[in-house]
Amino acid sequence: METVIDRELLEKIADLTGKPVGAFNIRKDSGCDGRQSTEHIKITSKEDKPGIDIRVLDGTKGETCHIPVIITQTGLSELVYNDFYIGEDCDVDIVAGCGIHNCGEQESRHDGVHTFYVGKNSKVRYTEKHYGEGPGTGSRVMNPQTVVYLEEGASIQMETVQIRGIDSTRRDTKIVCGRGAEAVVTERLLTHGDQTAESDMEIILEGEGSRGRVISRSVAQDRSSQVFYPRMVGNGACFGHVQCDSIIMGEAKIKSIPAITANCTEAQLIHEAAIGKIAGDQLLKLETLGLTEEEAEDCILRGFLA
């Protein structure tokens, strides 16, 4: 039975209010809390390990598949494998995300491995939001791993967001782009308290005419720490751009290590990184408009992470 906590978590991580339209699989506390396939998107349970297979038929366009995960039990730890098989000439949205409500003293943890096989000329928009809450002292841990293989002319727009409340996370992402394929990854991350976050990302531009872009924005507050290691590898005539921008506050620590590797004279690769605090003149301007210092700070941070 769905509870108020369930509904609030699903709204925060997947923008769901009520039953999803289209294909969906809702995972709650290591079990299936609801599933629906459609004519063009089939969802089945794996037989050899925890997780699901999502198969999108050739030519599927304009459909959305929701696969959120929620954990409401303290002490629960799980490792889940989800594989996506996207046919040719598709245009679909996939909405994932994980929310943890921990009200106890033990660690609650979700590790998820998502692997995408995207067919020729298909377009995928993938959104993944993470959020933690609850009055318990037990930690909330999430370690997502995402692997994407893009065939000729395929593309993925991947947006990953850590809203707040995650005590520890390690994010591993690998994308391999075939001929004429494109990967755009937007990562937004907030840490506070004593939280830690690591993001290890590799975009391999394998095929001729492939393109890759990484946009990372983060805010580290209090005593939290973050490490970013985005890498762009050009193995042919391609274009890649890595951009990392971070705001550091309090006693936080941020390490950003963008890297580009060209294995072909026709590869064009760019990287840039910036870490800094909120500018005093920005705060002053908002305060003259009637905001308190705290309100002005919050306004700037929300705009930066938008």
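Quick look at the structure, then. (Residues numbered from 1 in each chain as written. Predicted model: local features only at pLDDT ≥ 70, side-chain atom pairs only at ≥ 80, totals over all residues. Heavy atoms only, no water.)

## Remarks on a nonpolar patch on the surface
A cluster of nonpolar side chains, namely V227, Y229 and I257, defines an oily patch on the protein surface of about 210 Å² accessible area. Inspection of the secondary structure assignment puts V227 in strand β18 (residues 225-234). (Patch = residues over 30% accessible without salt bridge, like charges linked within 9 Å, V, L, I, M, F, W, Y side chains within 5 Å. Areas by Shrake-Rupley, 256 points an atom, 1.4 Å probe, with all protein chains shown as cover. Salt bridge = Lys/Arg side-chain N within 4 Å of Asp/Glu carboxyl O. Helix = DSSP H or I, 4+ residues; strand = E, 2+ residues; numbered from the N terminus.)

## Describing the state of the cysteines
Evaluated as defined, the whole model comprises 0 disulfides. Here C244 is not disulfide-linked; the sulfur of C177 is the nearest cysteine sulfur, at 17 Å. (Disulfide = S-S within 2.5 Å.)

## Considerations on the packing of helix α2 (residues 280-288) against helix α3 (residues 293-305)
Two numbers describe how α2 lies on α3: the axes approach to 9 Å, and their chain directions differ by 120 degrees. With respect to their mutual orientation, α2 and α3 come out oblique. Seen from above, α2 lies across α3 with right-handed handedness. Residues Q282, L283, L286 and E287 of α2 lie in contact with α3, whose contacting residues are E293, A296, E297, C299 and I300. (Axes fitted to C-alpha atoms, helices over the stretch in contact; angles between N-to-C directions. Parallel < 35°, antiparallel > 145°, perpendicular 65-115°, else oblique. Left-handed = near helix turned anticlockwise from the far one by under 90°. Contact = heavy atoms within 4.5 Å.)

## Topic: the packing of aromatic side chains
Tallied over the entire structure, the rule returns 5 aromatic pairs. Between F84 and F116, the aromatic rings sit 4.2 Å apart at their centres with planes inclined by 5 degrees, giving stacked as the arrangement. Taken together, the positions of F84 in strand β7 (residues 77-86) and F116 in strand β10 (residues 108-118) put the pair 32 residues apart, joining distant regions of the chain. Among the residues examined, F84 registers a relative accessible area of 0% and is labelled buried. Measuring from ring centre to ring centre gives 6.5 Å for F84 and Y126, while their planes differ by 65 degrees; the resulting arrangement is edge-to-face. Of this pair, F84 sits in strand β7 while Y126 sits in strand β11 (residues 123-133), and the two are 42 residues apart along the sequence. Each residue in the set F84, F116 and Y126 is aromatic and connected to the rest through ring pairs, giving one cluster. Over the ring of Y81 we find K49; its NZ or CZ atom is 4.3 Å from the centre of that ring. Directly above the aromatic system of Y229 lies the positively charged group of R231, at a separation of 4.4 Å from the ring centroid. (Phe/Tyr/Trp six-rings, centres within 6.5 Å; stacked < 30°, edge-to-face > 60°. Buried < 20%, exposed > 50% of the residue type's maximum accessible area, 1.4 Å probe, protein only. Lys NZ or Arg CZ within 6 Å of the ring centre and 35° of its normal.)

By themselves, these are just geometric observations and shouldn't be taken as functional.
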